[in-house]
Amino acid sequence: MIRSHKIRLNPTPEQEIYFRKAAGTKRFVYNWGLDRWKWAKSQGVAIYGMMAAKKEFNALKQEQFPWVYDVAKDVMEGAFQDLGTALKNYFDSKSGKRKGAKVGFPKFKSKRSSHQSFRLNNDKFRVDGHTIRIPKLGEVNMAEALRFSGKIMGAVVSRSADWWFVSIQVEIDKPEPIVFEKESTGVDVGIKALATLSDGSEFENQKPLRSQINRLRKLSRSLSRRQQGSNRWWKAKRKLERFHLTVANRRLDAQHKASHAIAATYAFIGLEELHIKGMLKNRRLSLAISDVGLGEFARQVCYKSDAFGGVTVKIGRFFASSKLCSDCGYVNKELTLSDRKWTCQGCGVLHPRDWNAAKNIEQEALRLVVAR
Ligand SMILES: [Zn+2]
């Protein structure tokens, strides 16, 4: 299985120039390839594979684009690779071969876009402790050492909020199945607590955005007061972007700790199929939800449990986990989103909302498995 680790880089100013140059080269080659593809299509050539485009580019580069030699060769190859994938995803999505959200036709990459990236292939760079060695550049310092050991498959160098990162993909062996401490649980993924389990235990939500909301307001205000495009405006914009990124990283960290603990403890885990898109339509909920990233958390629980040799079962999103009494099966139709507790009219038990939901999720997941 392949895992990736995203690490912040500490480039020198010269190295940063190389990164910008490489990202610019990637953008140029990607756009060039897309342009050729469109031209070929206009000439009635339906399939114009990236192999042909690459060959054409290679024949021209010495004469027309000699600056591509300033950066690693992978940058150019990665651009064709990415474009090929983008086109394939578009056509597979159109034909129904690819499930999930519709994928749009690839767009030309803008110079103004804050997202810049380029790819490095596995045999072209080396990682050693806090250092990554990149062709035609040399050693760049990494803020932390690579978390995984195994065969390195590739890397993507990218910029966000004016920081540079490298995401390294590593093929790791599936760990030996572990002996789980506990048999089964149900997980209610939520906003108040990140996760409530059917034994009543809770994983707290860090909600970093809420606790730092004043700082966010201050940064946003200072951005809006400045003249758009001015130096001071760019500086304020960068500060705000960095703030968002720090908050997102902290959230991800909390989620990783909780999902690891759950996946490593229970052999069988029931989860709810969350319909995040539908939930986001609810204005009041949307801030809190985008804050906690529920979909990402459920995804982590699933892949980590699988890695430990555990089993996860998702129950359908129409299953009324909150409204059902986990003791007697009575359905409380009057339950609203703001009710944190409710008393069952069937049996008189007082239910903390999320705990009751987690119990139902566990029971339903177990029932589904038996039914299969
Ligand atoms: Zn009841």
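Not measured: the values here are computed from a predicted model.

### Thoughts on the coordination of the zinc ion
Phase 1 of the analysis: Protein coordination of the zinc ion is provided by Cys-325 (SG), Cys-328 (SG), Cys-344 (SG) and Cys-347 (SG), with donor distances spanning 2.2 to 2.3 Å.
Phase 2 of the analysis: Taken together, the four donor atoms surrounding the zinc ion define angles of 103 to 113° at the centre, an arrangement classified as tetrahedral.

### Quick word on the pattern of salt bridges
Phase 1 of the analysis: Under the definition given, this model contains 16 salt bridges.
Phase 2 of the analysis: Note that Glu-56 and Arg-36 form a salt bridge whose closest N and O atoms lie 2.7 Å from each other. Placement of Glu-56 in helix 2 (residues 50–64) and of Arg-36 in helix 1 (residues 13–42) is noted, with a sequence separation of 20 residues between them.
Phase 3 of the analysis: Within the structure, one salt-bridge network assembled from shared partners comprises Lys-26, Asp-82 and Arg-119.

### So, the nonpolar core
Phase 1 of the analysis: Formed by 25 residues in total, the largest nonpolar core has its most connected members in Leu-9, Phe-19, Phe-118, Val-166 and Ile-168.
Phase 2 of the analysis: Mapped by element, the contributors of at least two residues to this core are strand 1 (2–10), helix 1, strand 2 (116–121), strand 4 (131–134), strand 5 (138–142), strand 6 (151–160) and strand 7 (163–171).
Phase 3 of the analysis: In contact with Phe-19, other than residues within four places in its own chain, are Leu-9, Pro-11, Phe-118, Ile-134, Leu-137, Val-140, Val-157 and Trp-164.
Phase 4 of the analysis: Residues Val-29, Met-50, Phe-57 and Val-68 belong to the second largest nonpolar core, which totals 16 residues.

### Some words on the domain arrangement of the protein chain
Where interface size is quoted, it is often the accessible area lost as the parts come together.
Phase 1 of the analysis: Looking at the assigned domains, one finds that the protein chain contains domain 1 (2–171) and domain 2 (182–371).
Phase 2 of the analysis: For domain 1 versus domain 2, the distance between C-alpha centres works out to 33 Å.
Phase 3 of the analysis: Here domain 1 packs against domain 2, burying approximately 680 Å² in sum over the two surfaces, 60% of which is carbon and sulfur.
Phase 4 of the analysis: When the buried surface of domain 1 facing domain 2 is broken down by residue, Arg-3, Ala-161 and Trp-163 rank first, second and third, together holding 62% of it.

### Thoughts on the sheet that holds strand 7
Backbone hydrogen bonds are what pair the strands of a sheet, in a parallel or an antiparallel way.
Phase 1 of the analysis: Spatially, 2-6-7-1-5-4-3 is the arrangement adopted by the seven strands of the open sheet, whose pairing is antiparallel. Every other strand in the sheet has two partners, leaving strand 2 and strand 3 (126–128) as the edge strands with one partner each. Averaged over neighbouring strand pairs, the angle between their axes works out to 35° when direction is ignored.
Phase 2 of the analysis: Inspection of the sheet shows strand 6 paired to strand 7 by nine bridges, in the antiparallel sense. Bridge pairing links Gly-154 to Gln-169 in strand 7.

### Re the sheet that holds strand 11 (residues 266–272)
Phase 1 of the analysis: One open sheet accounts for five strands, arranged 10-9-8-11-12; its pairing is mixed. Two strands in the sheet have a free side with no partner beyond their single neighbour: strand 10 (202–204) and strand 12 (311–315). When strand polarity is set aside, the average angle formed by the axes of neighbouring strands in this sheet is 20°.
Phase 2 of the analysis: Taken strand by strand, helix 10 (residues 353–371) contacts strand 8 (182–189), strand 9 (193–197), strand 11 and strand 12, and its axis lies near 125° from that of strand 8.

### Notes on the side chain of Lys-61
Phase 1 of the analysis: Checked against the element boundaries, Lys-61 lands in helix 2.
Phase 2 of the analysis: Comment: no salt bridge for buried Lys-61; closest opposite-charge side chain is Glu-77, at 6.9 Å.

### Quick notes on the pairing of strand 2
Phase 1 of the analysis: The element strand 2 is largely enclosed, with a buried count of five among its six residues.
Phase 2 of the analysis: Pairing between strand 2 and strand 6: six bridges, direction antiparallel. Counted as the bridge partner of Phe-118 is Val-157 from strand 6.

### Let's talk about the pairing of strand 11
Phase 1 of the analysis: Here strand 11 lies mainly inside the structure; six of its seven residues are buried.
Phase 2 of the analysis: Bridge count between strand 11 and strand 12: five bridges; the pairing is parallel. Considered in strand 12, the bridge of Glu-272 is made with Ile-315.

About the thresholds
Residues numbered from 1 in each chain as written. Predicted model: local features only at pLDDT ≥ 70, side-chain atom pairs only at ≥ 80, totals over all residues. Heavy atoms only, no water. Donors = N, O, S within 2.8 Å, 3.2 Å for Na, K, Ca; no water. Tetrahedral: all angles 85-135°; square planar, octahedral: opposite > 155°, others 65-115°. Salt bridge = Lys/Arg side-chain N within 4 Å of Asp/Glu carboxyl O. Helix = DSSP H or I, 4+ residues; strand = E, 2+ residues; numbered from the N terminus. Core = buried A, V, L, I, M, F, W, Y, C linked by side-chain atoms within 4.5 Å. Buried < 20%, exposed > 50% of the residue type's maximum accessible area, 1.4 Å probe, protein only. Contact = heavy atoms within 4.5 Å. Domains from an automatic or database assignment. Buried area = accessible area lost by both parts, 1.4 Å probe. Pairing = 2+ DSSP bridges. Axes fitted to C-alpha atoms, helices over the stretch in contact; angles between N-to-C directions. Lys, Arg positive; Asp, Glu negative; His and termini not counted.

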